[in-house]
Amino acid sequence: MTQVAALDVSTIRKEFPILNQEVNGYPLVYFDNAASSQKPKSVIQALVDYYSKDHSNIHRGLHTLAERATSGYEQVRKMAQTFVNADEPEEIIFTRGTTESINLVAQAYGRKVLEEGDEIILSEMEHHSNIVPWQMVAEEKGAIIKVIPVSNFGELILEEYENLLSEKTKIVALNYISNSLGTINSVQEIIEKAHHAGAKILIDAAQAAPHLKIDVQELEADFLALSSHKMYGPTGVGILYGKRELLEYMDPYQGGGEMIKEVHFSGTTYNDIPYKFEAGTPNIADVIAFGAAIDFVERIGHDTIQTHEKELLEKAMEGLNQIEGFEPVGVAKNKASVISFNINGIHSYDLGMWLDARGIAVRTGHHCTQPLMDRMGLEGTIRASFAVYNSPEEIDSFVDSLSQIIKKFGK
Ligand code: C6P
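Residues numbered from 1 in each chain as written. Predicted model: local features only at pLDDT ≥ 70, side-chain atom pairs only at ≥ 80, totals over all residues. Heavy atoms only, no water.

J.: Describe the packing of aromatic side chains, listing the residues and the values that go with them.
T.: The final tally for this structure, using the stated rule, is 14 aromatic pairs. A ring pair is formed by Trp354 and Phe409, whose centres lie 3.8 Å apart and whose planes are at 5 degrees; its orientation type is stacked. You can see Trp354 sitting in helix H12 (residues 348–357) and its partner Phe409 sitting in helix H14 (residues 392–409), a full 55 residues away along the chain. Between Lys112 and the ring centre of Tyr249, over which it is positioned, the NZ or CZ distance is 4.5 Å. The side chain of Lys213 reaches across the aromatic face of Phe83, ending 5.8 Å from its centre. (Phe/Tyr/Trp six-rings, centres within 6.5 Å; stacked < 30°, edge-to-face > 60°. Helix = DSSP H or I, 4+ residues; strand = E, 2+ residues; numbered from the N terminus. Lys NZ or Arg CZ within 6 Å of the ring centre and 35° of its normal.)

Here you go:
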């Protein structure tokens, strides 16, 4: 795949029909990409094409449409394998998204290995999806959750992580990029240390997938989860990567069709990986359109995406730092294009509404990271997160609108 050297934002924007509209009388500025990004025409068209020409159930029929649908679906498994650089396509399980991928590991791996008194290490900056599934399994098995603290800058305190690791640690589960702070965690180092202690590690790459090149072999990640909808693909689909020996060791997560070899009332045998974890008719259409999203990201190239988003981040920080009362939350050295902040004296919900009145979409609140908000002593933040189709002009309009709102409503 050839990489585009410099990003031509206006050409890219033409691929996203949703961006070409006014909201509340202003051109839409979509800065809620960490929640879910918009979809290029190629992704939308893949859904239309699939349902217009190829739809059938998969792995079941011998007829032409069943073969087309099956081969389209399995083709995307190979694309996802390449996307995260897994060793084999069987190590890719299709799920509904990051949340389901983490629940799958907690239930099918955690429940099998954890014993009373064993420890699971999480961090203070985890999304609820990477906390609650572990709390559920820990409660059932009598395991203990330990938490890596976060500094005032929004970085993990790695010396504390080392102190938490012991022979009791069975699982470490950590995000690659924090959705609330934008911090890019030193996952390579964290994985090495987990392995040294004899633990397995799950990387929540929900926020990393649209920004960074992921290489599970280089990282030596045991499990990695991501969602298609944050990387320009459809909702309702994502992947779990797992090392073959771990996936083979795990029991199925759900029972039903597809995940079996033979079913008799005298006993049932389970299918091989990856099908052992894909019970029932899967989300075929969205998996196929996810393939178009992978293609979109790879066509642009992670280096180009990162360079562009870094420019947007720097420009936005320069502008925001001029605003009186601007209080950034999370100023890690290594950051993705996510800015969380508060404006002294204005509630984040009010600011979110006033920005929306000017066509600017941001997210406000705790961002499903309440323990992190507790740590920072905050109720919530305003979060602006940038994608490949965002432009420097949109940053200007955001900073200008914010200044005007503060003049009008601030203290
Ligand atoms: N974060 C946000 O606005 P799902 O919903 O399964 O696709 O992804 C869950 C999830 C897990 N981990 C991280 C780091 C995430 O950011 C998310 C989703 C969105 O930040 C929606 S709450």
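J.: Mind laying out the side chain of Thr98, listing which residues take part and the relevant values?
T.: Relative to the helices and strands, Thr98 is located in helix H4 (residues 98–113). According to the relative accessible area criterion, Thr98 is buried, its value standing at 5%. A polar contact is formed between the side chain of Thr98 and the side chain of Ser227, at a distance of 2.6 Å. Excluding its chain neighbours within four sequence positions, the residues that come into contact with Thr98 are Asp204, Ala206, Ala225, Leu226 and Ser227. (Buried < 20%, exposed > 50% of the residue type's maximum accessible area, 1.4 Å probe, protein only. Polar contact = N/O pair within 3.5 Å; in protein donor to acceptor, adjacent residues only side chain to side chain. Contact = heavy atoms within 4.5 Å.)

J.: Describe in detail the pattern of salt bridges, supporting the description with residues and values.
T.: Under the counting rule described, the total for this entry stands at 23 salt bridges. Salt bridges here are not isolated pairs; linked through shared partners, they connect Glu88, Glu90, Arg244 and Glu248. (Salt bridge = Lys/Arg side-chain N within 4 Å of Asp/Glu carboxyl O.)

J.: So what about the side chain of Asn179? Which residues, and what values?
T.: With respect to the element layout, Asn179 can be found in the loop between strand E7 (169–175) and helix H7 (187–196). Polar side-chain contacts of Asn179 include one of 2.9 Å to the backbone oxygen of His367. Ignoring sequence-local partners within four residues, the contact set of Asn179 consists of His127, Gln207, Val338, His367, Thr369 and Arg383.

J.: Got a sec to walk through the domain arrangement of the protein chain? Specific residues and values, please.
T.: Taken domain by domain, the protein chain consists of domain 1 (9–39 + 301–409) and domain 2 (44–298). Summarising the inter-unit geometry, the C-alpha centres of domain 1 and domain 2 are found 28 Å apart. Each partner contributes to the interface: domain 1 provides 41 residues, whereas domain 2 provides 36 residues. Summing the contributions of domain 1 and of domain 2, the shared interface buries around 3,100 Å²; its carbon and sulfur component is 54%. When the buried surface of domain 1 facing domain 2 is broken down by residue, Lys39, His302 and Arg375 rank first, second and third, together holding 21% of it. The tally of links between domain 1 and domain 2 comes to one salt bridge. Its salt-bridge partner being Glu124, residue Arg375 comes within 3.9 Å of it at the nearest N-O pair. The tally of links between domain 1 and domain 2 comes to 29 residue pairs in polar contact (both at pLDDT 80 or more). Those elements that provide at least two residues to the side of domain 1 that touches domain 2 are helix H11 (302–321), strand E14 (338–343) and helix H13 (370–376). For the side of domain 1 that touches domain 2, the element with the most residues is H13, which contributes six residues. Each residue belonging to the side of domain 1 that touches domain 2 can be placed in one class, and the counts come to 20 nonpolar, 14 polar and seven charged. (Domains from an automatic or database assignment. Buried area = accessible area lost by both parts, 1.4 Å probe. Nonpolar A, V, L, I, M, F, W, Y, C, P; charged D, E, K, R; others polar.)

J.: Could you give me a rundown of the nonpolar core, with the residues and numbers involved?
T.: If you look at the biggest cluster of nonpolar residues, it comprises 78 residues, and the most contacted ones within it are Val84, Tyr176, Ile214, Leu226 and Phe290. Ranked by the residues each element gives to this core, the list is headed by helix H10 (residues 284–300), at 12 residues. Domain assignment of the residues forming this core places at least three in each of domain 1 (9–39 + 301–409) and domain 2 (44–298). Contact partners of Val84, with chain neighbours within four places excluded, come to Ile92, Ile214, Asp215, Val216, Leu224, Leu226 and Ile239. Ranked by size, the runner-up nonpolar core spans 27 residues in total, among them Ala138, Phe223, Leu247 and Met250. (Core = buried A, V, L, I, M, F, W, Y, C linked by side-chain atoms within 4.5 Å.)

J.: An account of the site of the ligand is requested, with residue identities and associated values reported.
T.: Taken together, 16 residues surround the ligand, and among them Thr99, Asp204, Gln207, Ser227 and Arg363 come closest. Note that a nitrogen atom of the ligand is positioned 2.9 Å from one of the side-chain N or O atoms of Lys230. The fraction of the free accessible surface of the ligand (510 Å²) that becomes covered by protein chains is 87%. Partitioning the shell around the ligand into residue classes produces four nonpolar, eight polar and four charged. Of the domains in this structure, domain 1 (9–39 + 301–409) and domain 2 (44–298) are the two that each give at least three residues to the shell around the ligand. (Near = heavy atom within 4 Å. Areas by Shrake-Rupley, 256 points an atom, 1.4 Å probe, with all protein chains shown as cover.)

J.: Before we move on, could you go through helix H5 (residues 132–141) and cite the residues and values that matter?
T.: Turning to H5, its buried residues are Pro133, Trp134, Val137 and Ala138. Buried residues of H5, seen end-on, are gathered within an arc of 130 degrees and therefore sit on one face of the element. The secondary structure elements touched by the buried residues of H5 are H4, strand E5 (119–123), strand E6 (144–148), E7 and strand E8 (200–204). Looking one or two residues past H5, Gly142 carries a phi angle of roughly 75 degrees, positive in sign. (Arc of directions from axis to C-beta.)

J.: Talk me through the sheet that holds strand E10 (residues 238–242); I want residue IDs and the actual numbers.
T.: The strand order E4-E10-E9-E8-E7-E5-E6 describes an open sheet built from seven strands, whose pairing is mixed. A strand with exactly one partner marks an edge of an open sheet, and here the two such strands are strand E4 (92–95) and E6. When the angles between neighbouring strand axes are averaged without regard to direction, this sheet yields 20 degrees. Against the sheet, helix H3 (residues 64–84) contacts E4, strand E9 (223–227) and E10, and its axis sits at roughly 115 degrees relative to E4. (Pairing = 2+ DSSP bridges. Axes fitted to C-alpha atoms, helices over the stretch in contact; angles between N-to-C directions.)

J.: Could you give an account of the environment of Leu240, naming the residues involved and the relevant values?
T.: Structurally, the position occupied by Leu240 is in strand E10. The contacts of Leu240, once residues within four sequence positions are left out, are Glu91, Ile92, Ile93, Thr95, Ser101, Leu104, Val105, Phe223 and Leu224.

J.: Explain the environment of Cys368 to me, using residue names and the numbers behind them.
T.: Among the structural elements, Cys368 can be located in the loop between strand E16 (363–365) and H13. For Cys368, a relative accessible area of 23% translates into the label partly exposed. Separated by 242 residues in the primary sequence, Cys368 and Glu126 have C-alpha atoms spaced 8.7 Å apart.

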